[in-house]
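Okay, here's what each chain looks like letter by letter:
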Number of protein chains: 4
Amino acid sequence: MAKTRKSIKEQAHAHRGQIPKGARKEEIIRAAAKLFSQKSYHDVTMDDIAEKVGVAKGTIYLYFDSKENLYLEIMEETYEEIESILERETAKSDPAPLKLKKVLGLIFKFYLQNLDVLRILSRDETHLIREHYEFTEHWRLRRIKLYEKILEKGINEGSFRPFKTELTALIIFGLVRSVMFYYKSEKSAESIAEEVFSMISEGILAPGYEKAEAARM
Amino acid sequence: MAKTRKSIKEQAHAHRGQIPKGARKEEIIRAAAKLFSQKSYHDVTMDDIAEKVGVAKGTIYLYFDSKENLYLEIMEETYEEIESILERETAKSDPAPLKLKKVLGLIFKFYLQNLDVLRILSRDETHLIREHYEFTEHWRLRRIKLYEKILEKGINEGSFRPFKTELTALIIFGLVRSVMFYYKSEKSAESIAEEVFSMISEGILAPGYEKAEAARM
Amino acid sequence: MAKTRKSIKEQAHAHRGQIPKGARKEEIIRAAAKLFSQKSYHDVTMDDIAEKVGVAKGTIYLYFDSKENLYLEIMEETYEEIESILERETAKSDPAPLKLKKVLGLIFKFYLQNLDVLRILSRDETHLIREHYEFTEHWRLRRIKLYEKILEKGINEGSFRPFKTELTALIIFGLVRSVMFYYKSEKSAESIAEEVFSMISEGILAPGYEKAEAARM
Amino acid sequence: MAKTRKSIKEQAHAHRGQIPKGARKEEIIRAAAKLFSQKSYHDVTMDDIAEKVGVAKGTIYLYFDSKENLYLEIMEETYEEIESILERETAKSDPAPLKLKKVLGLIFKFYLQNLDVLRILSRDETHLIREHYEFTEHWRLRRIKLYEKILEKGINEGSFRPFKTELTALIIFGLVRSVMFYYKSEKSAESIAEEVFSMISEGILAPGYEKAEAARM
DNA sequence: TATGAATGAGTATTCATTCAT
DNA sequence: TATGAATGAATACTCATTCAT
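Residues numbered from 1 in each chain as written. Chains lettered and ligands numbered in written order. Predicted model: local features only at pLDDT ≥ 70, side-chain atom pairs only at ≥ 80, totals over all residues. Heavy atoms only, no water.

Chemist: Before we move on, could you go through the overall build of chain A and cite the residues and values that matter?
Modeler: Looking only at helices and strands, one finds 11 helices and zero strands in chain A. Start at the N end of chain A and walk to the C end: the helices and strands fall as α-α-α-α-α-α-α-α-α-α-α. When the 217 residues of chain A are sorted by exposure, 54% land in the buried category. Accessible area for chain A stands at about 10100 Å²; split by element, carbon and sulfur atoms hold 51% of it. (Helix = DSSP H or I, 4+ residues; strand = E, 2+ residues; numbered from the N terminus. Buried < 20%, exposed > 50% of the residue type's maximum accessible area, 1.4 Å probe, protein only. Areas by Shrake-Rupley, 256 points an atom, 1.4 Å probe, with all protein chains shown as cover.)

This is the structure:
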């Protein structure tokens, strides 16, 4: 799917000979990201964005083909950045548990540095933009794949119990999103990652309780 | 908050003397829920709903004061039902782990029976309806509170390790939503609950790895 | 025009064999009149009226063909009553000044007794009801005609100066409406009529000033 | 439509440079005023106005926040203009009768020049726009105050009889409105003012009749 | 590149009127 | 007579997008 999908960036202005300079475009992206993080897609108007950037509405259309594309381009840019960070990390040959902990740390760090956009991503506005269910879906699956790989590696290494990686990846995906979005804390990304990793790795049961009591249930 | 907030249901038609027959209202709710589960709030028009139910648009307004209220009433009805189911369960004197497993089972069961509406709830359309951030927030906090209580009970009983219940409740909340929404499986609610509970309770680390290896990280 | 116009009352239910009893109809008229006096034609809904009378909305349509007819019937009933009172008075052989004063007294008396409906008449909602400009126009002209007759009589008698009766009738019509609608006073209808008549008959100029000074202007 | 057929107006503007800033707004005001003078507030739709101006509906909203605001802006503009004309006149040190006559002349002159808008003002659509009773009320009171001042001045000068200025101002207010609205005549504003002033100042009674006969009543 | 006036399809909501019971 | 659920045409307002300058 990642191969057939044409990236929003590539699509935009595919018909134009000129590629506009990036400065103004970045300005627009930043302003729009800020607004989209505060209000929903439909509640942010092109007027809002134009006013925030301090340009005329028409100017936005010199850089983006549509509101939808602007929105998706913001998301794509962010997805690409975090995903490439994560993939660079997972390319290393660390043992799976360490790898997972590092990944969590990078996610939370990226989150703290990009609160605005992440707030958008955390929302599930998939359906907001009619034709683009596949877009969010694509990135979700990619992330889940990444978790699955780490989990499989761990199982092979013997550091993880043999469980169904599909479900577990889904679990990690969901809990990370929840923590990112709702956990109010002054802690550093690393220490949040540490806490979360501890729960994921050891579970909630008290040691010893596991075998003896759980059996009775 | 739950006490001062006037429920959408109570508000609706507070001015009418007569309560219209429930059948037509249920029809509308069902059709609307179906549509809201497929498209976003803004992409579902009152015309869509009317057409789906097979009535004139005005008819909907005999039963609901506004589109927003229709939407919220669907959500409230569902929230109330599942929450009351869960609270009835947690009132029992089961040990915490069993309690948690049962709760998970009930959630997944309810989910399988109410796919449409749950798909709406799973989305975070909080911002879509400007004034109603508090609405979703209210129910999210209530669910998290429920998890926290079970976790505290378990810690006191000694069945759960002593961790921060706030973060852990958030983690469970997020992973459950993710599984509910994305896990495609033919399994029964109970067996999904079993699997999820197993991950939550034991974690992903292989037994024995925990102490020896984790220390090296 | 007065001859060709078919009265609203006559039109209503001309096609029915049964004439419903007047009681329920009167109830509706009273309630509607009250509401129309408080809000404008368009701001009063058939629901409002039905609720106020305490019947179902459909019931109103058993007595009136349309909202418009209900409105016009209220006005017609009132117009007819006051106009017949005035015409009975003008049929008497009083001298013109006394006749005028009596007419003013009757108008203000009727007004004080029918505040609600008069408030509607005082408003000029002529244009509110598309096709019925002629309706208000008809009654306005009838009233003006009545004033003109009195004025002509006075001029013939020598009690009034010879002026253009058309303009003067218009003047009296306008000032009476203004006093009716805006004069807040605890006085009796007769004493208001007395005051108004005094202004109409003597004017505002101080005696003596008239000839000497007015000439200089 | 605008694409295939070029209207006369568009052609006219084509060779000019820009349409002046306030021009479009004035166009809308003029068209709307015309329509509001023919039909009531509720019977004039934004579509009507847009069609009359020859622009899209949205264009109106570039210049006015709402239909209500458009309506009120028309009224306010007119009120302000005539009222400032009148107040400039009354600031002069003419004797009261002359002042009154001049004021009447200015009103009728303004009326003849602004038939459309004045027809709106003459109507009492106070209640049509719920929140804006106070608006019309404000301007009515201001006009009445103006009359009262002139009347008081006249009484002090000795040119007017000592009467109640409140009632008399109300009388003048009403009769002027009536003449403005209903008097069909080819006469000039000055000559209408002259006639009306004559009635106001001298009254209708024949000289000499006043004392002798009126007493008998 | 940039502008911003203009567009017009799209939508929630209202309410007089009807009609089966 | 009476009901009241159902109707659907009507309407103010929005906002992404276009285009002449």
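Chemist: Account for the interface of chain D and chain C, with residues named and values stated.
Modeler: Much of the literature gives interface size as the accessible area that the parts lose upon coming together. At the junction of the two partners, chain D supplies 56 residues and chain C supplies 54 residues. Buried surface at the junction of chain D and chain C, both sides included, amounts to about 5400 Å², of which 62% is carbon and sulfur. If you look at where chain D meets chain C, you find four salt bridges. Across the chain D-chain C interface, the total number found is 16 residue pairs in polar contact (both at pLDDT 80 or more). Residue assignment for the side of chain D that touches chain C shows that the elements contributing at least two residues are helix 2 (21-38), helix 6 (96-113), helix 8 (133-157), helix 9 (165-182), helix 10 (189-202) and helix 11 (209-214) of chain D. (Contact = heavy atoms within 4.5 Å. Buried area = accessible area lost by both parts, 1.4 Å probe. Salt bridge = Lys/Arg side-chain N within 4 Å of Asp/Glu carboxyl O. Polar contact = N/O pair within 3.5 Å; in protein donor to acceptor, adjacent residues only side chain to side chain.)

Chemist: Lay out the nonpolar core with the relevant residues and their values.
Modeler: Ranked by internal contacts, the top residues of the largest apolar core, which has 140 residues, are I49 of chain A together with I49 of chain B. Excluding anything up to four places from it in sequence, I49 of chain B contacts I28, A32, L35, F36, V44, I60 and L70 of chain B. Ranked by size, the runner-up nonpolar core spans 139 residues in total, among them L151 of chain C together with A31, Y71 and W139 of chain D. (Core = buried A, V, L, I, M, F, W, Y, C linked by side-chain atoms within 4.5 Å.)

Chemist: Got a sec to walk through the side chain of S201 of chain C? Specific residues and values, please.
Modeler: By the secondary structure assignment, S201 of chain C is in helix 10 (residues 189-202). A relative accessible area of 2% means that S201 of chain C is categorised as buried. Looking at S201 of chain C, its side chain comes within polar contact range of the main-chain oxygen of S198 of chain C, at 3.2 Å. Look past the residues within four positions of S201 of chain C in its chain and what remains in contact with it is E202, G203, I204 and L205 of chain D.

Chemist: Summarise the interface of chain B and chain A; cite the residues concerned and give the values.
Modeler: At the junction of the two partners, chain B supplies 56 residues and chain A supplies 54 residues. Roughly 5400 Å² is buried in total at the junction of chain B and chain A, and carbon and sulfur atoms are behind 62% of that figure. For the pair chain B and chain A, the interface holds four salt bridges. For E195 of chain B, the salt bridge is made with K164 of chain A, and the minimal N-O distance between the two is 2.5 Å.

Chemist: Explain the packing of aromatic side chains residue by residue, including any values.
Modeler: Applying the stated criterion across every chain yields a total of 28 aromatic pairs over all chains. Stacked on the ring of Y182 of chain D, the Lys or Arg R140 of chain C has its end atom at 3.5 Å from the ring centre. (Phe/Tyr/Trp six-rings, centres within 6.5 Å; stacked < 30°, edge-to-face > 60°. Lys NZ or Arg CZ within 6 Å of the ring centre and 35° of its normal.)

Chemist: Explain a negative patch on the surface residue by residue, including any values.
Modeler: All names here are of chain D. On the surface, E76, E77, E80 and E81 cluster together to form a negatively charged patch. Here E80 is to be found in helix 5 (residues 67-90). Look at E80 and you get partly exposed, because its relative accessible area is 45%. (Patch = residues over 30% accessible without salt bridge, like charges linked within 9 Å, V, L, I, M, F, W, Y side chains within 5 Å. Lys, Arg positive; Asp, Glu negative; His and termini not counted. Charge placed at Lys NZ, Arg CZ, Asp CG, Glu CD.)

Chemist: Could you give an account of the protein's contact with DNA strand E, naming the residues involved and the relevant values?
Modeler: As a matter of local geometry, DNA strand E sits amid 32 residues, with T59 and Y63 of chain A, M46 of chain C together with T59 and Y63 of chain D nearest to it. Near the protein, within 4 Å, the atoms of DNA strand E are sugar or phosphate in 67% of cases. One nitrogen or oxygen atom from the side chain of Y61 of chain B is found 2.8 Å from a phosphate oxygen belonging to DNA strand E. (Near = heavy atom within 4 Å.)

Chemist: Give a detailed account of the protein's contact with DNA strand F, specifying residues and quantitative values.
Modeler: The full set close to DNA strand F counts 34 residues, and T59 and Y63 of chain B, T59 and Y63 of chain C together with K57 of chain D are the nearest of them. Restricting attention to atoms of DNA strand F within 4 Å of the protein, one finds that 65% of them are sugar or phosphate atoms. The contact in question runs from a phosphate oxygen of DNA strand F to an N or O atom on the side chain of Y63 of chain B, over 2.4 Å. Counting only elements with at least two residues in the surface near DNA strand F, the list comes to helix 4 (57-63) of chain A, helix 4 (57-63) of chain B, helix 4 (57-63) of chain C together with helix 4 (57-63) of chain D.

Chemist: Explain the relation of the copies chain D and chain C residue by residue, including any values.
Modeler: Here chain D sits on chain C after a turn of 179 degrees about the axis and a move of 0.1 Å along it, with an RMSD of 0.4 Å. Such a combination of turn and shift is consistent with a two-fold rotation axis. A symmetric contact is evident, with 96% of the interface residues of chain D recurring at the interface of chain C. (Least-squares fit on C-alpha atoms with pLDDT ≥ 70 in both.)

Chemist: Help me get a handle on the relation of the copies chain B and chain A, residues and values and all.
Modeler: By a simple turn and slide, chain B fits onto chain A: the slide is 0.1 Å along the axis, the RMSD is 0.3 Å, and the turn is 179 degrees. Mapped onto chain A, 96% of the interface residues of chain B again fall at the interface, so both copies present the same surface.

Chemist: Now, about helix 2 (residues 22-38) of chain B: what can you tell me, with residues and values included?
Modeler: An α-helical turn contains 3.6 residues, so a residue and the one three or four places further along point in the same direction. For helix 2 of chain B, built from 17 residues, the straight-helix expectation of 24 Å at 1.5 Å per residue is met to within 8% by its first-to-last C-alpha distance of 24 Å. Buried within helix 2 of chain B are the following residues: I28, I29, A31, A32, A33, L35, F36 and S37 of chain B. (Expected span 1.5 Å × (residues − 1).)

Chemist: Tell me what's going on with the confidence of the model for chain A, and back it up with residues and numbers.
Modeler: All names here are of chain A. Per-residue confidence for chain A gives a mean pLDDT of 85, with 82% of residues at or over 70. By mean pLDDT, helix 1 (residues 8-11) is the weakest element of chain A at 57, and helix 4 is the strongest at 97. Overall, residues 1-5 carries pLDDT values under 50, and its contacts beyond four positions in sequence, including any with other chains, amount to seven contacts. Taken together, the stretch residues 13-19 has pLDDT below 50 and engages in eight contacts with residues farther than four places along the chain or on a different chain. (pLDDT = per-residue confidence, 0-100.)

Chemist: Describe in detail the pattern of salt bridges, supporting the description with residues and values.
Modeler: Applying the stated criterion across every chain, the model contains 72 salt bridges over all chains. We note a salt bridge from K39 of chain A to D48 of chain A, for which the minimum N-O separation is 3.2 Å. Put simply, K57 of chain B and D47 of chain B hold a salt bridge, and the shortest N to O gap is 3.3 Å. Here K57 of chain B, found in helix 4, pairs with D47 of chain B, found in helix 3 (residues 46-53); they are 10 residues apart in sequence, far enough to count as distant. In the salt-bridge network here, residues are joined through shared partners; they are E89, K92, D94 and K102 of chain A.

Chemist: Outline the packing of helix 5 of chain D against helix 6 of chain D, supporting the account with residue identities and numerical values.
Modeler: All names here are of chain D. Put simply, helix 5 and helix 6 touch, their axes get as near as 10 Å, and they point 155 degrees apart. In terms of orientation, helix 5 and helix 6 fall into the roughly antiparallel class. Crossing of helix 5 against helix 6: the hand is right-handed. Residues T78, E81, I82, I85, L86, E89 and T90 of helix 5 touch helix 6, and the partners they reach there are K99, K102, V103, L106, I107 and F110. (Axes fitted to C-alpha atoms, helices over the stretch in contact; angles between N-to-C directions. Parallel < 35°, antiparallel > 145°, perpendicular 65-115°, else oblique. Left-handed = near helix turned anticlockwise from the far one by under 90°.)

Chemist: Describe helix 3 (residues 46-53) of chain C, listing the residues and the values that go with them.
Modeler: Residues and elements named next belong to chain C. What helix 3 keeps buried is the set M46, I49, A50 and V53. Each buried residue of helix 3 sits inside an arc of 100 degrees when the element is viewed along its axis, so together they form one side. Looking at the buried residues of helix 3, the elements they touch are helix 2 (22-38), helix 4 and helix 5 (67-90). Positive phi shows up at G54, right after helix 3, with a value of about 85 degrees. (Arc of directions from axis to C-beta.)

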